[in-house]
Amino acid sequence: MSKTQLAIILSRLKVFENPKVQLEQYPTDSEVAADILWKAYMLGDIEDKVIADFGAGTGILGIGCLNLNCKKVLFVEKDEDAIYILKNNLQDYEDYKILNMDVSEFDKNVDVVVMNPPFGVKNRKADKIFVEKAFSCGKVLYYIGKVTSKSFIESISKDFEKKITHFWEYDMKLKNTMKFHTKKNKEINIGCWRIE
Ligand code: SAH
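We now turn to the structure provided with this report. This is a predicted model, so every value here is computed, not measured.

Rules behind the numbers
Residues numbered from 1 in each chain as written. Predicted model: local features only at pLDDT ≥ 70, side-chain atom pairs only at ≥ 80, totals over all residues. Heavy atoms only, no water. Helix = DSSP H or I, 4+ residues; strand = E, 2+ residues; numbered from the N terminus. Buried < 20%, exposed > 50% of the residue type's maximum accessible area, 1.4 Å probe, protein only. Polar contact = N/O pair within 3.5 Å; in protein donor to acceptor, adjacent residues only side chain to side chain. Salt bridge = Lys/Arg side-chain N within 4 Å of Asp/Glu carboxyl O. Arc of directions from axis to C-beta. Contact = heavy atoms within 4.5 Å. Near = heavy atom within 4 Å. Areas by Shrake-Rupley, 256 points an atom, 1.4 Å probe, with all protein chains shown as cover. Pairing = 2+ DSSP bridges. Right-handed = clockwise from strand over helix to strand, strands pointing away.

Moving on, we come to the side chain of asparagine 116. Relative to the assigned elements, asparagine 116 resides in the loop between strand S4 (110-115) and helix H5 (126-137). With a relative accessible area of 11%, asparagine 116 lands in the buried category. At 2.7 Å, the side chain of asparagine 116 and the side chain of threonine 28 are in polar contact.

Listed below in structure tokens is the structure:
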């Protein structure tokens, strides 16, 4: 498996049919997801690890981990319509579990948490709940969010005595999925933080 092959596999996954604004259902772009997961793999955070994908949506992050030989992925997602597509995307895979629940109810211990959570734009507290939960149940967190979340992620890491070890920045194409987006392929500046 190469990074390019991974990106191709991820680009073929199905995405949200009718994304819900309130749940901030934006899928991670396949090139960005492949790059982040490849870096995580190189850092030893994927192979043989138990991974939780918080707000898994249609599953791109966790499915990427399955392709990179992780031990198991727990997909945590509360929206049944997303889970329907997720199950479809997972047809050829094993070593996973889908947990249809709110992230706040998750109660297992894992090695690594990956997430592209709600950006907290429509629902300001949403990403805080995700991060706090990840801090309490995982050793390493890969947090994907807007670059403008920098101060949020830095201060919450400090409050919980966690260390940001890496940061990568991307221009991600936001496909014209929501009604209020006017430009066809808007780009947003996002980042991925690796936190221990
Ligand atoms: N991780 C996916 C989806 C990102 S969109 C990807 O990278 O493509 C964020 C997802 O979080 C949506 O699927 C939404 O339904 C889910 N979500 C939002 N709030 C949630 C919560 N409190 N508990 C579980 N899932 C939640």
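All right, on to the pattern of salt bridges then. Between side chains of opposite charge, pairing is possible as soon as their charged atoms come close. All told, the structure shown has 11 salt bridges when counted by the stated rule. Put simply, Lys3, Asp35 and Lys39 are held in one network by salt bridges that share partners.

We now examine helix H4 (residues 80-89). The set of residues buried in H4 consists of Ala82, Ile83, Ile85, Leu86 and Asn89. Around the axis of H4, the buried residues are gathered within 165° of arc, so they sit on the same side. Turned more than 90 degrees from where H4 packs its buried face, Glu80, Tyr84 and Lys87 sit exposed. On its buried face, H4 sits against helix H3 (60-67), strand S2 (72-77) and strand S3 (96-100).

Our next topic: the site of the ligand. Around the ligand there are 21 residues in total, and Gln25, Thr28, Gly55, Glu77 and Val103 lie nearest to it. Contact between the ligand and aspartate 102: a nitrogen atom at 3.2 Å from a side-chain N or O atom of the residue. Taking valine 103, its main chain carries an N or O atom lying 2.9 Å from a nitrogen atom of the ligand. Look at the ligand: alone it shows 580 Å² of surface, and the protein chains cover 97% of it.

Now for the pairing of S2. Taken across its 6 residues, S2 has 5 buried, putting it largely inside the fold. Strand direction decides the pairing type here: strand S1 (residues 50-54) and S2, joined by 5 bridges, are parallel. Within S2, the residue paired with aspartate 53 across the bridge is phenylalanine 75. Note that the unit made of S1, H3 and S2 has a crossover that is right-handed. Sheet topology note: the S2/S3 ladder contains 5 bridges and is parallel. Residue pairing in the sheet places valine 76 in a bridge with leucine 99 of S3. Handedness of the crossover joining S2 and S3 through H4 is recorded here as right-handed.

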